[in-house]
Structure formats: structure tokens, C-alpha cells
Amino acid sequence: MKRFIGFIKKEFYHIFRDRRSLFILFGMPIAQILLFGFAITNEINNVDIAILDHSKDASTEEIINKISASKYFTVKQILTREADIETAFKKGKIKAVLNFEKHFSRNLIKQNQATIQIITDATDPNTANSITNYINAILQNYQQEKNRAIVVEYQIIPQTRMVYNPELKSVFMFVPGVMTIILMLVSAMMTSISITREKELGTMEILLVSPLKPFQVIIGKVVPYIFLSVINAAVIVLLSIFIFKMPLQGSLILLGLESVLFIITSLALGILISTIAETQQSAMMISLMGLMLPVILLSGFIFPISSMPVALQLISNIIPAKWFIIIIKGIMLKGVGMAFIWKETLILMGMTLFFIGLSVKKYKIRLE
Amino acid sequence: MKTIGYIIQKEFKQIFRNKGMLPIIFILPILQLVILSNAATYEVKNIKFAYVDYDRTSTSRALIEKFNASAFFNVLTDFPSQEKASAAMLSGEVDVVMEIPNHFERNLLKKKTADLSITINAIDGAAAGVESGYVNQIVHSFNKDVKMSIMNISKNAVQPVSIESIPSFWYNTTLDYKTFMVPGILVLLVTMITLFLSGMNIVREKEIGTLEQINVTPIRKSQFIIGKLFPFWVIGIGLLTIGLILAKVIFNTPMLGSLILLYAYTSIYILVILGMGLLISNYTDTQQQAMFIAWFFVVIFILMSGLFTPIESMPKWAQIVTNFNPIKYFVEVVRMVLLKGSGFMDVLPQLLKTLLYAIIMNGLAVWSYKKVN
């Protein structure tokens, strides 16, 4: 036991001696969560649009004023010919063009109907769709004002209540995701590198001939990183509560325990990577190239899993981050207890055991 | 020139000798491009929808039938009470609950208006907005049906004015997300591979101690750096080529613009990334440090590139920060050239900024590289 404690001490010295890595280790997650918490959003805001007005009359002016008054749109350009639309889009700044037909007011008054064409740059389908919806809402609003005199009869009025996130803040969606990515990548990368480093420098041989058992060596390697990751997790949770005003509806203790579980899962994955990789370079490439995009894309962090093709929905089940994101959102936003997240917790535990089992099997205590 | 040739030869040999790295450099990115491009969709479909019907009349059933018929909603179960439905929402089984109150039909017929309560899980705010929009559309169209069936609108009543809007989606008429995402993800993979490889390369020689051996040879600083970086430039271009071929063959990504323009831009862009990698290499002592820094920048670059979330939606200060993000320019250029067919003049601003970036980065990298400690 004394030997083992001595070994853990050595690992701590290794980490604390390398000031630069330590700074990156703590500074980076904080910088990232601040940056992303404020900056990443898929809400539509300040979209630059252009107007092609063939009538230039009272109604079109009213509508244009209404649109430029909304916080969603900025009218950047007034076009005069249809051909200008193409040029405006190709430059890339203008995302939509409103094309008013000729005699707009006259049509509206005489025939009670007028037409607007909403042309969007649909290279980004999401933005194009949202722009169309927002403009339609503004137009709808305009019509209602015009029609106020006429009573519209028989109406079902949906009263919509947005639960768990009434202001529809995208921070609530992204902060758990960013936290997961940081914990996952930092933990997996750190352990895989620290073990392969000993291999590459040749010091692993020295450890293997020491009286420490192989599993003690591995545990000793991991313990300091559990400690560091827990501090990281705590800092991120504090930032998300105090700076981004994320509610913590559920139990803080449960959140802490689940975070420790997830950290252990990630560390176990790191150990597994280190048993496969021979050099630090390949360990890092596997943990960065192999984990980064799948974790960002398949965890439900940015894109909803339920909209993906079935095959990818199945694949997403093997991403530990997916389950941890469900757990964090459940505890922080919905305030659920163990009764609702036992399944996710069991899955994470199962994955951890699987990773550890596989590493033990693959772990070589002899030199080739 | 001959010296550079030798060092390039050495680098290529080292890359191809490491059998473990080859699949990571080529197979992994390509697999990710092919698989993950399918995941990146903001479309909201298969919404888990449940209802509580306290009214149980023909009108309420007709409304539910309307939701059932919609392609967006998977009508789940009929919950007996709001409490049960709330519990299901807590456990994540449902995302939207519609509660039809008592006397729904009676109110509609007598008071000409009836309330309907909709509860939406809004953790994903954007999706919740879309879901709410779908619900409103369905209710709106149901309102029309009710008007038609219950009351006969007299022909000579005052008609309300209506503005018809015709949406027209240019460059991607079917709103296919893959068209949008494939070029972007390709950009990411090219960037990640070249940055990680170049960032680790020199620092690795430092760590193992072979850098000193090279430093005592008569090779010049610039020769050494060019020789080191050239192989990664080739790998980056190679990856782009494979990716473009796959994009065409598998995803049928439109390629409207000039590929020569795209390659010309990419050639300069990779220089930026390589310069950045070299700079990281110079300022770190171990591969671990180098990777942490590279990782830090890559995550920021990816999430602030406009690839997954639009840059216009970011706060002003964040938009200013994105101007320093090389991936942003590459994502813009690749989408403009491939999807819109933008020409040289259209992408000139991005091209010039990238060129400037390349000069600064490589200048700094060469300046900070010291043969003697």
C-alpha cells in the first residue's frame, strides 16, 4: 500500500511539474465554456436580407418597415433587377430576398390578395427554413392588423407552455454538451497519453519490473486524473449555474456522483486506447480524430438524435456522451432523481466495466 | 534544393513506416465523412407526441386525427390524466403533450372559441420553436375545417385581405442537410489531420532528442521547415481529393463552381494550418502539450466556424472573434464555390484574408524556430 501511495505521489509530481500542461488543463475548459456558452446559438438573429420591390407603394413600405424593425432581420440592400439576386447571394452575405410583385397595394385592396416571393439562400437549410417562417409570421401579423375590423369566428387558441426552458435559451442545450465534450476528451486523452508516454520513453519497462502489480500501475496512473477532472467538472457546473443561469433543479450530490461516473468511463476509454496505441502520436490521433467528431455529432449535443437515420440512432447508443448528456439535462433542467435516470446510469457503468475488462485482457506485461 | 528533397523523403518514409498511423490519417476521416454527414441535421421529425383528451367528443377526436395524419408527429399514447403525461415527459418518453380540456366542443360551438393547452419540452430551444410552429399550423388548418363544416360563410361577407407568400429555396431546393454538411465536414477533417500531424511533428523530434541531431547538420532553417511541412501539405490535398470524390459519388454533392479555384484556395489554406502547427510545435516541449493546445484551438475553431450554428446569430463580439478563425473562411469558400458556383471575385475577400493569415503564421513560425537553444 505504501508503495502504491508513493507511486500515486510520483504521478502527481509529474503532472504538477509540467506547469504549461496544467495551465492548459484548467484554463482551457473555462475559456471554452465561456466562449461557447455565450457564442453558440442556433437562434436566428440579425440576418442580412435584401428587398426587390416592384411596386414601391404604401403597403410594401409598411411591410418592409415591420421587417426591418424586428430584431431578426437587417435590410442591407435594395435591389432593382431580378438578376441582382444571384449576384447578392453569390457574395454570400445576403441570406434572403423579398420580392414584391407589381401593384402590390392595388391588388391587396381590389382583389384582397397580393403576393410576395421569399427567396432564401438554402445552402444552409436550417437558416433558410427559419427565415421563411419568421417572415411568414411577420406577414401574418400584418394581415391580422389589417383584418381587425372583420371578426374571425370559430377559433381554437393553442396555449403553448414551454417547459424546462421557457425562454428557449440555446445555452441550456449547449452547456451540458460542451461540459460533456470537455470531460470526455480531456479525460480520455490525458490517460491514453500518459500511459503511452511511459511506453515510448521506455520507462514502462521499469514500472513493469517493479514490485507493483500491473493493475496498481494503471490505477495509480488514473487517480490523479480523476482528481483533476472532478475539479474541472465542478468549475464548469459552477460557471453554468452562476454565469449562464442554468437552473439546478435536482440534487447536486447526484450530479456530482454521475459526473464522477462519467469521468471514470472516459478514463477507462483512455486506458483502452493506450493498450492499443504504441506511440503518443497514435494515442492522440485516436482520441482526437476518433472521438471528437462522433462525440460532437452523435451525442445529441447539437443535432437531435431522433431526427437521424435509424442506423445512426443505433450507433449513437454506443457513445457514452449521449447518456451523460441525458443525465445532466435530467438532473439540472428537469430535476429528476435516480428513479428516472437509473437506466442511463447502468449503461454508463456497463460501458466502464466493458472498457476496463477489455484493457485488462489486452494489457501486455511482457515486452515483445 | 537537394537537401529539401532528402528531408521530404525522410518525412514521407517516417509517415508511411508507421502502420498504425496510416488508417488514422486516411481511413478514419473518410469513414467519418461518410457516416457522420448523415447525423448533422436540424430537421425536426418523429416528434414524440402524446395527448390527454378530457373532452372525448367528435371534435376533439377529429383534432387528434389531424395530428395523427401529420408526418411530423408520432402520435404516442392517450394518457388518462395530465399527471401521467407530465411523468412521461420527465422520463423523456414524450416531447409534446396536448391537453384537450373539458367542454372543448361545447365552448367552441357556443362561445366560438376554445382553449387548448400544449406543453413542449423546450430544453432544445430551437427544436421546441419548430415543434410549436407545427402545432400552430395544424390547429390553424383545423380552425379552417371547423369554419367550413360548421358555418357556411356567406359569399357576400367581407373577405379578409390575405398576402400570399411563396417561399423559394435557392441552391438547395429540397432543403437537404447533407448538401450543406458534407463540404463543411470535409473541411474539418482536412484541417484536423494537417494541424494535428504538423503540430506533433517537430515537437516529437524534440522529445525523442533527434532534433538536436538535425540541428547540428548544415541544413538551413527554411529548408528544414519546408521539408517538414511539405508532406503534410500533400496529405491535406490528397484528403481533400478523396473527400470530394466521395462527396460526388455517395452524396451527389453539387459542384457548381470551379474546382481549380477550390484547390487554389485550399493550397493557401493548408499553409495557414501548417504554420499554426509549426508555431505550436515551437512553443511546446512535449507532444502532450502540443496536442492540448491544438485541441483547444480546433474545438473553438470548429464550433465558431459557422459550420453547425450560424455566425450571424452570435453576439457582435463573438462575430469579431470569428474573423480570426481560418476554418470559417474555408467553410464559407467551400460552400460558396461548390453549392452556389461563386467565382474568383466572389471569394476574393476570403482568399486575401487567408493569404495574409498564411504569411503571418508562417513568418511567426520561421522566426520563432531556433536551431540553437
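Residues numbered from 1 in each chain as written. Chains lettered and ligands numbered in written order. Predicted model: local features only at pLDDT ≥ 70, side-chain atom pairs only at ≥ 80, totals over all residues.

K.L.:
Sorry, what's going on with the overall build of chain B here?
P.N.:
Helices and strands together make up the secondary structure of chain B, namely 14 helices and 5 strands. In terms of overall size, chain B is more extended than a compact globule, its C-alpha atoms giving a radius of gyration of 29 Å where 373 residues would be expected to give roughly 21 Å. Dimensions of chain B, computed from the C-alpha atoms along their principal axes, are close to 95 × 45 × 40 Å. Counting the 373 residues in chain B, one finds 45% classified as buried. A sequence separation of at least 24 residues applies to 79% of the contacts in chain B between residues at least 6 apart. (Helix = DSSP H or I, 4+ residues; strand = E, 2+ residues; numbered from the N terminus. Rg over C-alpha atoms; globule rule 2.2 N^0.38 Å. Buried ≥ 20, exposed ≤ 12 C-beta atoms within 10 Å, placed from the backbone. Contact = placed C-beta atoms within 7 Å.)

K.L.:
Could you clarify how one ought to interpret helix α14 (residues 320-334) of chain A in this entry?
P.N.:
Owing to its 3.6 residues per turn, the α-helix brings residues three or four apart onto one side. All names here are of chain A. Under the 1.5 Å per step criterion, the end-to-end length of α14 is 20 Å for 15 residues, consistent within 8% with the ideal 21 Å. Of all 15 residues that make up α14, 15 are buried, and the element is covered over most of its length. Looking at the residues trailing α14, positive phi occurs at Gly335, about 70°. (Expected span 1.5 Å × (residues − 1).)

K.L.:
Looking at this structure, how should I read unusual backbone geometry?
P.N.:
As a rule of thumb, non-glycine residues mostly have phi less than zero, and peptide bonds are mostly trans rather than cis. Unusually for a residue other than glycine, Asn112(A) sits at a positive phi of about 60°. Its identity as a non-glycine residue notwithstanding, Asn252(B) has a phi of 55°, on the positive side. By secondary structure assignment, the location of Asn252(B) is in the loop between α9 (221-251) and α10 (259-283).

K.L.:
Sorry if this is basic, but what is going on with the interface of chain B and chain A here?
P.N.:
By a widespread convention, an interface's size corresponds to the accessible area lost as its parts come together. Residue-level contacts link 100 residues of chain B with 100 residues of chain A. Secondary-structure elements contributing two or more residues to the side of chain B that touches chain A are α2 (21-36), β4 (113-121), α6 (125-150), β5 (162-170), α7 (177-208), α11 (287-303) and α13 (326-340) of chain B. Of the residues assigned to the side of chain B that touches chain A, the class counts are 57 nonpolar, 29 polar and 14 charged. Of the pairings in the sheet, the one linking strand β4 (residues 113-121) of chain A to β5(B) comprises 9 bridges and is parallel in character. Considered in β5(B), the bridge of Ala114(A) is made with Ile163(B). (Nonpolar A, V, L, I, M, F, W, Y, C, P; charged D, E, K, R; others polar. Pairing = 2+ DSSP bridges.)

K.L.:
How do you make sense of the packing of α9(B) against α10(B) when you look at a structure like this?
P.N.:
To characterise two packed helices, one gives the angle between the axes of the helices and the distance between these axes. Residues and elements named next belong to chain B. Axis separation between α9 and α10 bottoms out at 10 Å; the angle between their running directions is 130°. As far as their axial angle goes, α10 and α9 are oblique. For the pair α9 and α10, the crossing hand works out as right-handed. The residues of α10 that touch α9, namely those facing Ile225, Leu229, Phe232, Trp233, Gly236, Ile237 and Leu240, are Thr266, Ile270, Leu274 and Leu278. Here the contact of α9 with α10 is composed, by residue class, of 9 nonpolar, 2 polar and no charged. (Axes fitted to C-alpha atoms, helices over the stretch in contact; angles between N-to-C directions. Parallel < 35°, antiparallel > 145°, perpendicular 65-115°, else oblique. Left-handed = near helix turned anticlockwise from the far one by under 90°.)

K.L.:
Please clarify how the packing of helix α11 (residues 280-290) of chain A against α2(B) should be interpreted in this entry.
P.N.:
Relative to each other, α11(A) and α2(B) sit at 10°, their axes nearing to 10 Å. Classified by the interaxial angle, the pair formed by α11(A) and α2(B) is roughly parallel. Contact residues: α11(A) offers Gln281(A), Ser282(A), Met285(A), Ile286(A), Met289(A) and Gly290(A), while α2(B) offers Met21(B), Ile24(B), Leu28(B) and Pro29(B). Looking at the contact of α11(A) with α2(B), its residues break down into 7 nonpolar, 3 polar and no charged.

K.L.:
I would appreciate a short explanation of the sheet that holds β5(B) in the present structure.
P.N.:
Strand-to-strand pairing in sheets goes through backbone hydrogen bonds, with the strands running parallel or antiparallel. If you trace the 5 strands from one edge of the open sheet to the other, you get β2(A)-β1(A)-β3(A)-β4(A)-β5(B), paired in mixed fashion. Because the sheet does not close on itself, it has two edges, and the strands there are β2 (73-79) of chain A together with β5 of chain B. Within this sheet the neighbouring strands show an average axis-to-axis angle of 25°, counted without direction. Where helix α4 (residues 83-91) of chain A meets the sheet, it contacts β1 (47-53), β2, β3 (96-100) and β4 of chain A together with β5 of chain B, and its direction lies at approximately 135° from that of β2(A). The strands that helix α6 (residues 125-146) of chain A touches are β1, β3 and β4 of chain A together with β5 of chain B; relative to β5(B), the one it contacts most, it runs at about 170°.

K.L.:
What's the story with the environment of Thr354(B) in this structure? I'm lost.
P.N.:
Residues and elements named next belong to chain B. With respect to the helices and strands, Thr354 occurs in helix α14 (residues 344-368). It is 9.7 Å that separates the C-alpha atoms of Thr354 and Ile270, two residues lying 84 residues apart in sequence. Beyond its immediate chain neighbours, meaning those up to four positions away, Thr354 contacts Ile268, Tyr269, Val272, Pro326 and Tyr329.

K.L.:
Please explain the pairing of β3(A) as it appears in this structure.
P.N.:
As a general feature of sheets, a regular strand has side chains that alternate between the two faces. Residue and element names in this part refer to chain A. Counting buried positions along β3 yields 4 of 5 residues, so the element is predominantly enclosed. Here β1 pairs with β3 via 5 bridges, running parallel. Looking at β3, one finds that Ala50 is bridged to Val97. Bridge count between β3 and β4: 5 bridges; the pairing is antiparallel.

K.L.:
Would you explain α2(B) in this entry?
P.N.:
Between its first and last C-alpha, α2(B) extends 21 Å over 16 residues, near the 22 Å set by a 1.5 Å rise per residue. The largest bend in α2(B) is about 30°, located at Ile27(B), with the proline Pro29(B) one to four residues further on. If you check which residues of α2(B) are buried, you get Met21(B), Ile24(B), Ile25(B), Pro29(B), Gln32(B), Leu33(B) and Leu36(B). Tucked inside the fold, the buried residues of α2(B) contact α11 and α12 (292-298) of chain A together with α1 (2-17), α7 and α9 of chain B. (Bend = angle between axes of the 7 residues up to and from the residue.)

K.L.:
How should I be thinking about the environment of Val130(B) in this particular structure?
P.N.:
Of note, Val130(B) is situated in helix α6. Val130(B) sits 97 residues away from Leu33(B) along the chain, and the two C-alpha atoms are 28 Å apart.

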